[in-house]
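Close look at the chain arrangement
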Amino acid sequence: MSTLKALTTLIAKPNRLKALLSYGHKGYLNSIGWFTAFDKKQAVDGNGKALPWVTYSFIDFIKERINKTQHIFEYGSGSSTLFYAERAGSVTSVEHDKGWYDNVKNTSPANAEMIFCELQKDGEYAKKATLLNRKFDIIIVDGRDRVNCCKYSVDALSANGVLVLDDSEREVYHPARVLLKAQGFKEISFSGISPGLFYEKATSVFYKENNCLGI
């Protein structure tokens with residue numbers, strides 16, 4: 001629907017317009033801090049605290065399940081790094097954008113390790129979690145070259161580890177979902193809107209029995 005047609009529809013249905021205008025001070029969008037994120041153009045909650053740029057349904061699911069015994073690796077960094085570092089024992093993030101890497105690194109907490117790696121498809125960036133020769137409880141794929149990141153990251157998971165793929169509804173990432181399921185992972189998809197954005201997307205968790213999230 002075009003912007004003009006949407007406005008025309010709202011004017012013709014004043015109750016809809018009244019309801020939308022009321023969401024600025026009450027209702028779901030206000031309670032989750034969506035307006036704050038929209039205004040700031042950042043992934044934050046209503047108090048301005050950092051959130052990952054994933055679906056709210058996934059945030060609600062994960063925020064109480066992370067603890068200080070867990071170690072997280074993430075492809076792509078930013079406000080998510082701050083959110084996870086506050087809850088986990090450590091966070092290791094790989095970033096391909098040098099300017100963004102410098103910005104995030106300067107604001108990272110002590111338990112967050114930032115790694116810069118140039119991006120080449122099916123290259124060192126996608127393999128970084130495995131190349132560190134460590135095991136991670138949660139690996140979050142929210143950067144570039146996501147299918148290859150998922151493929152290599154399986155070997156970097158701990159025995160009870162889980163993998164998270166953001167924007168899992170996108171057709172381009174479907175091969176990653178097929179690959180992971182072929183290796184015995186089950187999938188839970190959390191769909192909905194994300195901070196400051198108003199289109200439906202999905203964030204999926206891939207897990208096996210006796211996983212660190214208690215699924």
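Residues numbered from 1 in each chain as written. Predicted model: local features only at pLDDT ≥ 70, side-chain atom pairs only at ≥ 80, totals over all residues. Heavy atoms only, no water.

What follows is about the side chain of Asn148. Along the polypeptide, Asn148 turns up in helix H9 (residues 146-153). Asn148 sits in the buried class, given a relative accessible area of 11%. (Helix = DSSP H or I, 4+ residues; strand = E, 2+ residues; numbered from the N terminus. Buried < 20%, exposed > 50% of the residue type's maximum accessible area, 1.4 Å probe, protein only.)

Here we come to the sheet that holds strand E7 (residues 201-207). Spatial strand order, E3-E2-E1-E4-E5-E7-E6: seven strands in an open sheet with mixed pairing. Since the sheet does not close on itself, it has two edges, and those belong to strand E3 (112-116) and strand E6 (186-192), each with one partner. Across the sheet, the axes of successive neighbouring strands diverge by a mean angle of 15°, strand direction being ignored. Direction of pairing for strand E1 (residues 71-75) relative to strand E4 (residues 136-141): parallel, over a ladder of four bridges. Paired with Phe73 across the bridge in E4 is Ile139. (Pairing = 2+ DSSP bridges. Axes fitted to C-alpha atoms, helices over the stretch in contact; angles between N-to-C directions.)

A few words on the side chain of Asn211. Secondary-structure assignment places Asn211 in the segment after E7. A distance of 3.0 Å separates a polar atom in the side chain of Asn211 from the backbone nitrogen of Gly214. A polar atom in the side chain of Asn211 sits 3.0 Å from the backbone nitrogen of Ile215. Ignoring anything within four residues of it in the chain, the contact list for Asn211 reads Asn160 and Val162. (Polar contact = N/O pair within 3.5 Å; in protein donor to acceptor, adjacent residues only side chain to side chain. Contact = heavy atoms within 4.5 Å.)

What follows covers the domain arrangement of the protein. Buried accessible area, meaning the area lost when the parts come together, often serves as the stated size of an interface. Under the domain assignment, the protein is made up of domain 1 (1-32) and domain 2 (42-207). Inter-centroid distance (C-alpha atoms) of domain 1 to domain 2 is 33 Å. (Domains from an automatic or database assignment.)

The next thing to look at is the packing of aromatic side chains. According to the stated counting rule, one finds 11 aromatic pairs in the structure shown. Taking 4.9 Å as the distance between ring centres and 70° as the angle between the ring planes, the aromatic pair formed by Phe73 and Tyr75 counts as edge-to-face. Taken as a pair, Phe73 and Tyr75 share a single burial class, namely buried. Measuring from ring centre to ring centre gives 5.3 Å for Phe83 and Tyr84, while their planes differ by 80°; the resulting arrangement is edge-to-face. (Phe/Tyr/Trp six-rings, centres within 6.5 Å; stacked < 30°, edge-to-face > 60°.)

On to the nonpolar core, then. Where a protein is soluble and globular, its nonpolar side chains tend to be buried together. Counting 28 residues, the largest nonpolar core has Phe58, Ile72, Tyr84, Ile138, Val205 and Leu213 as its most contacted members. For this core, the secondary structure elements donating two or more residues are helix H5 (56-62), helix H6 (79-87), E4, strand E5 (157-166) and E7. Tallying contributions element by element places H5 first for this core, with five residues. Aside from chain neighbours lying at most four places away, what touches Ile72 is Ile66, Tyr84, Ala88, Ser90, Val91, Thr92, Phe136, Ile138 and Ile140. One finds Tyr75, Cys117, Phe136 and Leu163 within the second-largest nonpolar core, a separate group that totals 23 residues. (Core = buried A, V, L, I, M, F, W, Y, C linked by side-chain atoms within 4.5 Å.)

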